[in-house]
Amino acid sequence: SKSPRSALAAPESEKVMVEVGGVRFATTSATLAKAEYFRKSLKENADKENGSSSASEPRTLFVDRDPDVFRLLLSCLRHDRVILPEGDADLFRRALLDAIFYGYVWLLEEVKAAVIDHLGLP
């Protein structure tokens, strides 16, 4: 059975390249579609292309954000759980901000809890 998070994935999954802050990441549309930001971007991109792109070339999305944080959030999405490295309070804060930016609702709640735990906040 699928988790509630998996139910958010797009029915068909294709390879997608995402360039974040000058760094390229390869992933799938199903992984990205777990976030409102990418659901909209993928739909807009598909509407623009309307079948004009080559099936052998993955589409590329550009995002002007921090690639270190995206790498972390992408790993969380692939595993359907928050995995934060110990002892990097700045990275936790940036991950929280980008979870908000991308609209990863389930991830946002888990990142908030992890940040509070790691920072020792009440």
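Residues numbered from 1 in each chain as written. Predicted model: local features only at pLDDT ≥ 70, side-chain atom pairs only at ≥ 80, totals over all residues. Heavy atoms only, no water.

### A word on the nonpolar core
Step number 1: Grouped together as the largest cluster of nonpolar side chains are 29 residues, with contacts concentrated most on Val18, Leu32, Phe38, Phe70, Tyr102 and Leu107.
Step number 2: Elements with a minimum of two residues in this core: β1 (15-20), α2 (36-49), β3 (59-63), α3 (67-79), α4 (89-102) and α5 (105-119).
Step number 3: When residues in this core are grouped by element, the largest group, seven residues, is from α3.
Step number 4: In this structure Leu107 touches Leu73, Cys76, Leu77 and Val82, once residues within four positions along its chain are discounted. (Core = buried A, V, L, I, M, F, W, Y, C linked by side-chain atoms within 4.5 Å. Buried < 20%, exposed > 50% of the residue type's maximum accessible area, 1.4 Å probe, protein only. Helix = DSSP H or I, 4+ residues; strand = E, 2+ residues; numbered from the N terminus. Contact = heavy atoms within 4.5 Å.)

### Notes on the sheet that holds β3
Step number 1: The three strands are arranged β2-β1-β3 in an open sheet whose pairing can be described as mixed. Looking along the sheet, the strands with just one partner apiece sit at the ends: β2 (23-28) and β3. In this sheet, neighbouring strand axes are inclined to one another by 25 degrees on average, regardless of whether the strands run parallel or antiparallel.
Step number 2: Pairing analysis gives five bridges linking β1 to β3, with the strands arranged parallel. Along β3, the bridge assignment pairs Met17 with Thr60. (Pairing = 2+ DSSP bridges. Axes fitted to C-alpha atoms, helices over the stretch in contact; angles between N-to-C directions.)

### Quick word on the packing of aromatic side chains
Step number 1: Taken as a whole and judged by the stated rule, the model has nine aromatic pairs.
Step number 2: An angle of 85 degrees between the planes, with centres 5.0 Å apart, marks the rings of Tyr37 and Phe38 as edge-to-face.
Step number 3: We classify Phe38 as buried; its relative accessible area is 0%.
Step number 4: Where Tyr37 meets Tyr102, the ring centres are 5.5 Å apart and the plane angle is 75 degrees; that geometry is what we call edge-to-face. Within this pair, whereas Tyr37 is found in helix α2, its partner Tyr102 is found in helix α4, the two being separated by 65 residues in sequence. (Phe/Tyr/Trp six-rings, centres within 6.5 Å; stacked < 30°, edge-to-face > 60°.)

### Points about the side chain of Thr31
Step number 1: Looking at where Thr31 falls in the secondary structure, it is placed in helix α1 (residues 29-32).
Step number 2: Engagement of the side chain of Thr31 in a polar contact is seen with the side chain of Thr28, the distance being 3.1 Å.
Step number 3: Other than its neighbours up to four places away in sequence, Thr31 contacts Leu74, Leu77 and Arg78. (Polar contact = N/O pair within 3.5 Å; in protein donor to acceptor, adjacent residues only side chain to side chain.)

So, to be careful, I would describe these as geometric facts and stop short of saying anything about function.
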